[in-house]
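A structural walkthrough
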Amino acid sequence: MKKRRLAILGSTGSIGTQALEVAALHPDRFEAAALTAYSSREKLFEQVRAFRPRLAGLVQPIPREEIPADLQFCEWVFGPEALTLAAQADADDVLVSVVGMVGLKSVLTALAGGKRVLLANKEALVAGGHLVMEAARRVGEHALLPVDSEHSAIYQCLQAARGNVPSRLILTCSGGALREFPRERLLPFVKHPTWRMGSKITVDCATLMNKGLEVIEAYHLFGLPEEKIEVVIHPQSVIHSMVEFADGAVLAQLGAPDMRVPIGYALGEPDRLAFGGERLDFTRMGALTFASPDTERFPCLAYAREALRLGGSAPVVLNGANEEAV
């Protein structure tokens, strides 16, 4: 089997490090072509030593003489263009796991080069959904694979659709770390209750803005209108999302809350990659609960839906305002 060459943009973040964990367990299937980080130089140095990519980059530049001697074997690039150059690297797959709208250019660059994009940057679709989907259609089927757990779950469920058009997409949501806090104690940042993730997305989950962005993302990825994309609060994070069909049947993807599942699915698609993760024990699971989101307490979900209905530049404005606020 020919190894797939991976370019990972944001390799030192939560998604990037977990992707490398999965890839390291399957050295016969994957090799690193390019790795980039925003500013975590020491962590990137460790990754370059371990995976020996041909290109490495730091968005926050450092003097070239500060690159350790044992890491001079690969090409080093610096500044914002590091992401673009990594997206143009000699790779089969480009995992875009950078934070914010900065990911849009990298996604379009990778698709323009005919590469498969593993998308962990929802802002690219929020800000440039029509551009991204048109670029992906030009590359071909499976050119864009979602890494978000919810959209990966929907994607997996749709593999069993056999041409049937879904009548409803149901995005599940943990409710974030502030779902049970009294209003007077709401904090700007706390640890996410079930997932291991970066600080920006943790804040977005706490405000439910993350789920609003995911509604916009689902709209572009799966082609259903906004009113057919539902959000339900599911604190246990066992059901990662669901698809309903015309006869009322609902398909769901379940699993322990571990981002290595959707990451591994995107890396290996159509194969599933073992990584030694926790398995569900249904006899000890307890109750699975669901509730409607409180959009008065957490209005960001409603803001996102309104931006999607307005169209045009409204989602871009929403996303930019949120990035600044976070």
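Let me sum up the structure you'll find in this document. Owing to the predicted nature of the structure, the values given are computational and were not obtained by experimental measurement.

Procedures and definitions
- Residues numbered from 1 in each chain as written.
- Predicted model: local features only at pLDDT ≥ 70, side-chain atom pairs only at ≥ 80, totals over all residues.
- Heavy atoms only, no water.
- Buried < 20%, exposed > 50% of the residue type's maximum accessible area, 1.4 Å probe, protein only.
- Helix = DSSP H or I, 4+ residues; strand = E, 2+ residues; numbered from the N terminus.
- Contact = heavy atoms within 4.5 Å.
- Arc of directions from axis to C-beta.

This next bit is on helix H6 (residues 149-158). With nine of 10 residues buried, H6 is to be regarded as a mostly interior element. Where H6 is concerned, the buried positions are Ser149, Glu150, His151, Ser152, Ala153, Ile154, Tyr155, Gln156 and Cys157.

The next subject is the environment of Ala89. Structurally, Ala89 is set in the loop between helix H3 (81-87) and strand E5 (93-96). Considered as a pair, Ala89 and Ala7 are 82 residues apart in the sequence and their alpha carbons are 7.1 Å apart. Apart from residues lying up to four places away in sequence, Ala89 is in contact with Ala34 and Lys115.

Taken residue by residue, helix H2 (residues 41-51) has Leu44, Phe45, Gln47 and Val48 as its buried positions. One side of H2 holds all its buried residues, which, seen down the axis, span an arc of 165 degrees. More than 90 degrees from the buried face of H2, the exposed residues found are Glu42, Glu46 and Ala50. Buried residues in H2 make contact with helix H1 (14-24), strand E2 (30-37), strand E3 (55-58) and strand E4 (75-78). Backbone geometry just downstream of H2 places Arg52 in the positive-phi region, at approximately 50 degrees.

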